Amino acid sequence: MTSPLLAPLREPRFRALVTGRTFADFANAVAPFALAFAVVDLTGSAVDLGIVVGARSIANVLLVLFGGMLADRLPRSVILQGTETAAALTQAAIAASVLCGFASVPLLVGLSLVNGAVSAISLPAAASLTPLTVPTPLLAQANALVRLLSNVGRIAGAGLAGVLVAFAGSGWALAGNAVLFLAAALSYRRIRLPHGVRIPGSRPLSELAEGWREFRARSWVWLVVLQFMIVNAVNAGALRVIGPLVADDTFGRTGWGLALAVQTAGALLGGVFAARWLPRRMLLFGVALVTVDALPILALGETPYLLPMLFAMFLSGFAIEQFGVAWDVSLQENVPPEKLARVYSYDMLGSFVAMPLGQIAAGPLAEHAGRSATLLGGAALVVGATAIVLLNPQVRGLVRRAPISPAAPG
């Protein structure tokens, strides 16, 4: 018997999609690491590094809504081919500038803006393409497998980036990064969708407004996005800003790296479990499990020792993966396909805006109120936001539309 998790791989279009997304996630894990050391080698300035890395994030925020609109107008596989090819070209240009000695901060900022722009355009198209590549009964397994392999790609990318930068230099790491983006583009070329998938568009602003109406028409959609604006902001501040400071004073930097790796391991196991555990009220259980995300924050604030931290991070990664699969399946089953990418883009916009806000606010709050109080307050926000969303009747009542698909003989 074929494992339920692997059942979607019987579909050729899904195999092409998941291969492309894994290569893209692999490449996106290498990109910021290699770029950061390219800037450090060039100027050694933290200010320059912030400007170059921040340029990509700014482009993400500004263009993700446009990406959603474009993905609902044009064939999504074609968009992905184009964006990954453009990403390969920009990374190749950055690599050439570093290897040939003509790199400069303005050039790196300009190319990072382009790279961030194509990333913003590709994200809604990639997220909304899954239901077009598998039968509806396999949506849960397909989303679990996409997320599982994406995590594998991120882990492998982070490891490869460190090796390439250490032994070959940032320029060659960026060149390898360009090859990974090109591999993603070639994988997307193998996706063959039925005629008629293309959605004709009218005017950009009216299409964005139509996407906004679809987004706010369901209270469970915008409430969960608001919930995750809070959760993402708290996590960005607690785990990316305060966490390393606490680790430096307690269990050390190596322990902190291990904690982050254990969280990813929890997510990997969570992806396997999510493909098998298919409750009828997926969204209700997924949202409720977000409360587990408060555990690492509580551990940092109250018991900053390595073993409790590892346990909390593992549970957090496992639980959030259950939510991620439930969220994707709920959107894909209930939002019309021709509007799905735009709804995803509003969801992504909330995440992109929230994380830098949390990172900016965390430092001043920790200095003013103390690290422990700030972390405890953040954990309370995660639990409180989740509890409010669970009061919503639509969140509690939404059920899976597709029957659970048994594994086919293999």
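What you see is a predicted model; the values in this text were computed from it and never measured.

On to the side chain of Thr-83, then. Mapped onto the secondary structure, Thr-83 falls in helix H3 (residues 76–100). Taking the relative accessible area as the measure of exposure, Thr-83 reaches 7% and is therefore buried.

With that settled, the discussion passes to the side chain of Asn-177. For Asn-177, the location among the structural elements is in helix H6 (residues 170–188). The buried category is assigned to Asn-177, whose relative accessible area is 0%. Excluding anything up to four places from it in sequence, Asn-177 contacts Ala-27, Val-30, Ala-31 and Gln-91.

Once that is clear, we can look at the packing of helix H8 (residues 219–249) against helix H12 (residues 306–334). The geometry of H8 relative to H12 is characterised by a closest axis approach of 12 Å and an angle of 150° between their N-to-C directions. Viewed along their axes, H8 and H12 adopt a mutual orientation that is roughly antiparallel. Taken as a pair, H8 and H12 cross one another with a handedness that is left-handed. Residues Trp-220, Val-221, Val-224, Val-225 and Phe-228 of H8 pack against Ile-320, Phe-323, Trp-327, Ser-330, Leu-331 and Asn-334 of H12. Of the residues in the contact of H8 with H12, the class split is nine nonpolar, two polar and no charged.

Attention now goes to the confidence of the model for the chain. Averaged over all residues, the pLDDT of the chain is 84; the fraction at 70 or higher stands at 92%. In this model residues 196–201 is a low-confidence stretch, pLDDT under 50, and it forms eleven contacts with partners more than four residues away in sequence or in other chains. A low-confidence stretch, residues 404–410 stays under pLDDT 50, and its non-local contacts, those more than four residues away or across chains, total 15 contacts.

When the domains of the chain are assigned, the result is domain 1 (1–193) and domain 2 (203–401). One C-alpha centre belongs to domain 1, the other to domain 2, and the line joining them spans 22 Å. With 31 residues of domain 1 in contact, the opposing surface of domain 2 contributes 35 residues. Summing both sides of the interface, domain 1 and domain 2 together bury roughly 2800 Å²; the carbon and sulfur share of this comes to 70%. Among the residues domain 1 hides against domain 2, the three largest losses belong to Leu-65, Asp-72 and Arg-147. Together they make up 21% of the total.

Time to look at the environment of Gln-227. Checked against the element boundaries, Gln-227 lands in helix H8. When its relative accessible area of 1% is taken as the criterion, Gln-227 is described as buried. Sequence separation of Gln-227 and Phe-66 is 161 residues, and the distance between their C-alpha atoms is 23 Å. For Gln-227, the residues in contact, after removing those within four places along its chain, are Val-287, Val-290, Ala-385, Thr-386 and Val-389.

Together, Phe-33, Phe-37 and Val-40 make up a nonpolar patch on the protein surface, roughly 230 Å² of accessible area in all. If you trace the backbone, Val-40 turns up in helix H1 (residues 12–42).

We now examine H1. The first and last C-alpha atoms of H1 sit 44 Å apart over 31 residues, in line with the 45 Å expected at 1.5 Å per residue. At the C-terminal side of H1, Gly-44 shows a positive phi close to 70°.

For the rest of this paragraph, the subject is the packing of helix H9 (residues 252–276) against H12. For the pair H9 and H12, interaxial distance at closest approach is 7 Å and the crossing angle is 35°. For the crossing formed where H9 meets H12, the hand is right-handed. Class assignment for the residues of the contact of H9 with H12 results in 17 nonpolar, eight polar and one charged.

Trp-220, Trp-256, Met-309, Trp-327 and Leu-331 are the most contacted members of the largest nonpolar core, which totals 55 residues. In contact with Met-309, other than residues within four places in its own chain, are Phe-251, Trp-256, Ala-259, Pro-296, Ala-299 and Leu-300. Listed in part, the 24 residues of the second largest apolar core include Val-39, Ile-94, Leu-111 and Ala-161.

Locating Leu-289 in the fold gives a position in the loop between helix H10 (282–288) and helix H11 (294–302). Judged by relative accessible area, which is 26%, Leu-289 ranks as partly exposed. Placed 181 residues apart in sequence, Leu-289 and Leu-108 show a C-alpha to C-alpha distance of 41 Å.

Conventions used here
- Residues numbered from 1 in each chain as written.
- Predicted model: local features only at pLDDT ≥ 70, side-chain atom pairs only at ≥ 80, totals over all residues.
- Heavy atoms only, no water.
- Helix = DSSP H or I, 4+ residues; strand = E, 2+ residues; numbered from the N terminus.
- Buried < 20%, exposed > 50% of the residue type's maximum accessible area, 1.4 Å probe, protein only.
- Contact = heavy atoms within 4.5 Å.
- Axes fitted to C-alpha atoms, helices over the stretch in contact; angles between N-to-C directions.
- Parallel < 35°, antiparallel > 145°, perpendicular 65-115°, else oblique.
- Left-handed = near helix turned anticlockwise from the far one by under 90°.
- Nonpolar A, V, L, I, M, F, W, Y, C, P; charged D, E, K, R; others polar.
- pLDDT = per-residue confidence, 0-100.
- Domains from an automatic or database assignment.
- Buried area = accessible area lost by both parts, 1.4 Å probe.
- Patch = residues over 30% accessible without salt bridge, like charges linked within 9 Å, V, L, I, M, F, W, Y side chains within 5 Å.
- Areas by Shrake-Rupley, 256 points an atom, 1.4 Å probe, with all protein chains shown as cover.
- Salt bridge = Lys/Arg side-chain N within 4 Å of Asp/Glu carboxyl O.
- Expected span 1.5 Å × (residues − 1).
- Core = buried A, V, L, I, M, F, W, Y, C linked by side-chain atoms within 4.5 Å.

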